[in-house]
Amino acid sequence: MTKENDSIEQLTNQEYKWGFVTDIEADSAPRGLSEDTVRLISSKKQEPAWMLAWRLKAFAHWKTMTEPTWPNVHYPKIDYQDAIYYSAPKQKISLNSLDEVDPELRRTYEKLGISLEEQKRLSGVAVDAVFDSVSVATTFKKNLSELGIIFCSFSEAVREHPELIRQYLGSVVPQTDNFFAALNSAVFSDGSFCYIPKGVRCPMELSTYFRINAAETGQFERTLIVADEGSYVSYLEGCTAPMRDKNQLHAAVVELVALANAQIKYSTVQNWYPGDKEGKGGIYNFVTKRGICSGANSKISWTQVETGSAITWKYPGVILKGDNSVGEFYSVAVTNNRQQADTGTKMIHIGKNTKSTIVSKGISGGHGNNSYRGLVQIQKGATNARNFSQCDSLLLGDTCGAHTFPYIEVKNTSSKVEHEASTSKIGEDQIFYCKQRGLSSEDAVNMIVNGFCKEVFRELPMEFAVEAQKLLGISLEGSVG
Amino acid sequence: MLEIKNLHASVNGNEILTGVHLKVNAGEVHAIMGPNGSGKSTLAQVLAGREAYEVTAGEVRYNGKDLLEMSPEDRAREGIFLAFQYPVEIPGVSNTYFLKAALNSVRKYRGLAELDAVDFLAMVKQKMGILEMDKTLLSRPVNEGFSGGEKKRNEIFQMAVLDPKLAILDETDSGLDIDALRIVADGVNKLRTKENAVVVVTHYQRLLNYIVPDVVHVLVEGRIVKSGPKELALELEERGYDWLKEEEQVKA
């Protein structure tokens, strides 16, 4: 084995840097899942009857479903009765300012480098911080509300904006959509809601930091973003989680609705605990993300950088219903050590002249296994629909894997679908070339990997792109130059 | 500057270099010629520190230091530059970004301040003039989509930016047309000083019309079998290498 391989190995063997546990008393539901659990969650959150009924319907359906086995991932069977479905930091009074937030909680954020104060003062990013299951602080709300923008926790939206929730909740991902979406619909704890009124361009990037903290608590986030006619919003989601021994289940649902001429840009940087080198511990990330371009000329873009989780199972998709609507999916997925990812997108073309672009970059190191799975469906009425897909895989070393499963269904003869795929191995030649110019192997690997991901990174908002490069650096090597 | 003594090197158990002796002083240009498979490129790669080649015996001193003990990146930072015969592509990484990172890594090693973007670009522009490079090559990814000639020119451009003490040109002339050959050779000549040295590895005498060597060495079966003044290159062009091989066999 050459030194170059050694250095790749060394870099890919790096451990998760952000594993620490915050010591905060949690108010948890008893272990297990039944109708009573669903009722308990609903009552804890003081929900109206319609919300409980919606949850119960989802639960009843979930009981009839079985876990999907088609993804190219392997994990021990999950005992759904052995998990805790609700956990909230014990804070009895609601907060008016950041100063009232539990200092222990604040320190955790500071360790992650996302001090809310700093966020507030310097970055101009409004942060709805979801710590475990309850939103503890929401900033910039005032500024946003002056524009008529609603950005709040999901529970608050259920209380304050029931008409919007009732209209749009489940309109993109129905309760019965799939096993994990149904589970989420029954027991979702909290999440974010965002509404941009007609013609409003949201002046700042909206951002939520999720963090799974209490031991053995499944996280069931629910996000709903509605962009009314002619509006624009860019939403950032970034995640890290502390070190854990036992696998943690995360089954979130994200729904996006873009009305006519509206545009939603949804960016994710995901860095959950991937498990140790042997694959022990780590988050199971089973997420349903979907958007609908319901009006003409609307646009939804998903950009994701997935570096964490033991298992990633997600297919952020776009239903292109409105004529001339546009769907985009840009993805970087990293699997290292024993990580497994089965991820991709679904582009469903219904309207005329609809366009979709898919750029997927998979990076595998260690014993990681990376699968791209994508569906491009052109329905009968989607005259002149266009799709372009590009799936590239980069392998670091000899023990990792990359797979591509493209599904293409075309029912309209005027449409055009293109698919390109490539697999390459980070070359000893490339690394030696860099070293011969004076770069260290670490910088060389970094540069090559970042170059490989460039098409995706440039779709991210600037400050997020920097963070994404950093995360990629952390999962594969020391630092990004 | 460079002193090679009895260098033996093998790859996958096959001995390629079988006892090379070579001494290069500052300010000199040495040409290494030889038939296919004689070990010319291996010698270049071993000097640059390619791990795939195993040095089984011998010694290489570079400015008084043990070169073989140094990592490839440290050799580069100490001023050894290899112009590759087949420069690799690095998709998505712009030529400018790559070179700036490389230069600053070298400068840092030498205890110099890193150059900021403004100073770097000013310096780069000046160096581009030497090689009559197209400006668009700067923003394009390293070697990606470059023609063979552009790649070779880019190597010498990198050499100009990194300003090495010892430059090793591994068949830089292959794949170049006459005009490109002249530009590349002119570039190398302009970069020559009393302090630096150039080792030119080539098959053909053609390049040596432009980069005139002080000494020509002939490598046969992993050893330098003959050294002489620049006229030796012309003789080789005329007579080929077989007579040298025969001489070797007679000696053996």
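Model, not experiment: these values are computed from the prediction. (Residues numbered from 1 in each chain as written. Chains lettered and ligands numbered in written order. Predicted model: local features only at pLDDT ≥ 70, side-chain atom pairs only at ≥ 80, totals over all residues. Heavy atoms only, no water.)

### Some thoughts on the pattern of salt bridges
Residues and elements named next belong to chain A. Summed over all chains, the structure comprises 23 salt bridges over all chains. The salt bridge involving K289 is made with E237; its shortest N-O contact spans 3.0 Å. Of this pair, K289 sits in strand β13 (residues 283-293) while E237 sits in strand β9 (residues 232-240); the two residues are 52 residues apart in sequence, bridging distant segments of the chain. Judged by relative accessible area, which is 3%, K289 ranks as buried. Since its relative accessible area comes to 8%, E237 is described here as buried. In the salt-bridge network here, residues are joined through shared partners; they are K361, D392 and E455. (Salt bridge = Lys/Arg side-chain N within 4 Å of Asp/Glu carboxyl O. Helix = DSSP H or I, 4+ residues; strand = E, 2+ residues; numbered from the N terminus. Buried < 20%, exposed > 50% of the residue type's maximum accessible area, 1.4 Å probe, protein only.)

### What about unusual backbone geometry?
Its identity is not glycine, yet N143 of chain B carries a phi of approximately 60°, on the positive side. A positive phi angle, near 45°, is found at E171 of chain B, a position not held by glycine.

### Looking at the sheet that holds strand β1 (residues 2-11) of chain B
All names here are of chain B. What the 4 strands build is an open sheet, ordered β2-β1-β4-β5; its pairing is antiparallel. Looking at which strands have only one partner, the edges of the open sheet turn out to be β2 (14-24) and β5 (65-66). In this sheet, β2 lies alongside β1 in antiparallel orientation, the contact comprising 8 bridges. Across the sheet, L2 pairs through a bridge with V24, a residue of β2. Set on the sheet, helix α1 (residues 40-48) makes contact with β1, β2 and β4 (54-62); between it and β1 the angle comes to about 110°. (Pairing = 2+ DSSP bridges. Contact = heavy atoms within 4.5 Å. Axes fitted to C-alpha atoms, helices over the stretch in contact; angles between N-to-C directions.)

### Topic: the interface of chain A and chain B
Across the boundary between the two partners, chain A contributes 22 residues, which contact 33 residues of chain B. Summing the contributions of chain A and of chain B, the shared interface buries around 2,200 Å²; its carbon and sulfur component is 61%. Taken as a group, F432, Y433 and R437 of chain A account for 35% of the area that chain A buries against chain B, more than any other trio of residues on that side. In this assembly, chain A and chain B are joined by 3 salt bridges. (Buried area = accessible area lost by both parts, 1.4 Å probe.)

### Considering the packing of aromatic side chains
Counted by the stated rule, this structure contains 22 aromatic pairs over all chains. Relative to F84 of chain B, the ring of Y433 of chain A has its centre 4.9 Å away and its plane inclined at 55°; by these criteria the two rings are tilted. Taken together, the residues span two chains, with Y433 of chain A in helix α10 (residues 428-436) and F84 of chain B in the loop between β6 (80-83) and β7 (90-94). Since its relative accessible area comes to 5%, F84 of chain B is described here as buried. Through a chain of ring-to-ring contacts, three or more aromatic side chains come together here, namely F59, W62, W70, Y75, Y80, F179, F180, Y284, F286, W313 and Y315 of chain A. Across from the ring centre of Y433 of chain A, 4.8 Å away, lies the NZ or CZ of R437 of chain A, which sits over that ring. The positively charged end of R239 of chain B is found above the aromatic ring belonging to W243 of chain B, 4.0 Å away from the centroid. (Phe/Tyr/Trp six-rings, centres within 6.5 Å; stacked < 30°, edge-to-face > 60°. Lys NZ or Arg CZ within 6 Å of the ring centre and 35° of its normal.)

### A closer look at the nonpolar core
Within the largest apolar cluster, 113 residues are counted, with the highest numbers of intra-cluster contacts made by I363 of chain A together with L169 of chain B. Membership of the second largest hydrophobic core comes to 55 residues, among which are M51, F154, A186 and L375 of chain A. (Core = buried A, V, L, I, M, F, W, Y, C linked by side-chain atoms within 4.5 Å.)

### Brief notes about the packing of α10 of chain A against helix α11 (residues 441-452) of chain A
Residues and elements named next belong to chain A. Where α10 contacts α11, the two axes come as close as 9 Å, and the packing angle between them is 125°. In terms of their interaxial angle, α10 and α11 are classed as oblique. Crossing of α10 over α11 shows right-handed handedness. Between α10, through Q430, I431, C434 and K435, and α11, the contact on the second element is made entirely by S441, A444, V445 and I448. (Parallel < 35°, antiparallel > 145°, perpendicular 65-115°, else oblique. Left-handed = near helix turned anticlockwise from the far one by under 90°.)

### Looking at helix α9 (residues 231-239) of chain B
Residues and elements named next belong to chain B. Looking only at α9, the buried set comprises L232, A233 and L236. The arc that holds every buried residue of α9, seen down its axis, measures 105°, which confines them to one face. Of the residues trailing α9, G240 is marked for its positive phi of about 75°. (Arc of directions from axis to C-beta.)

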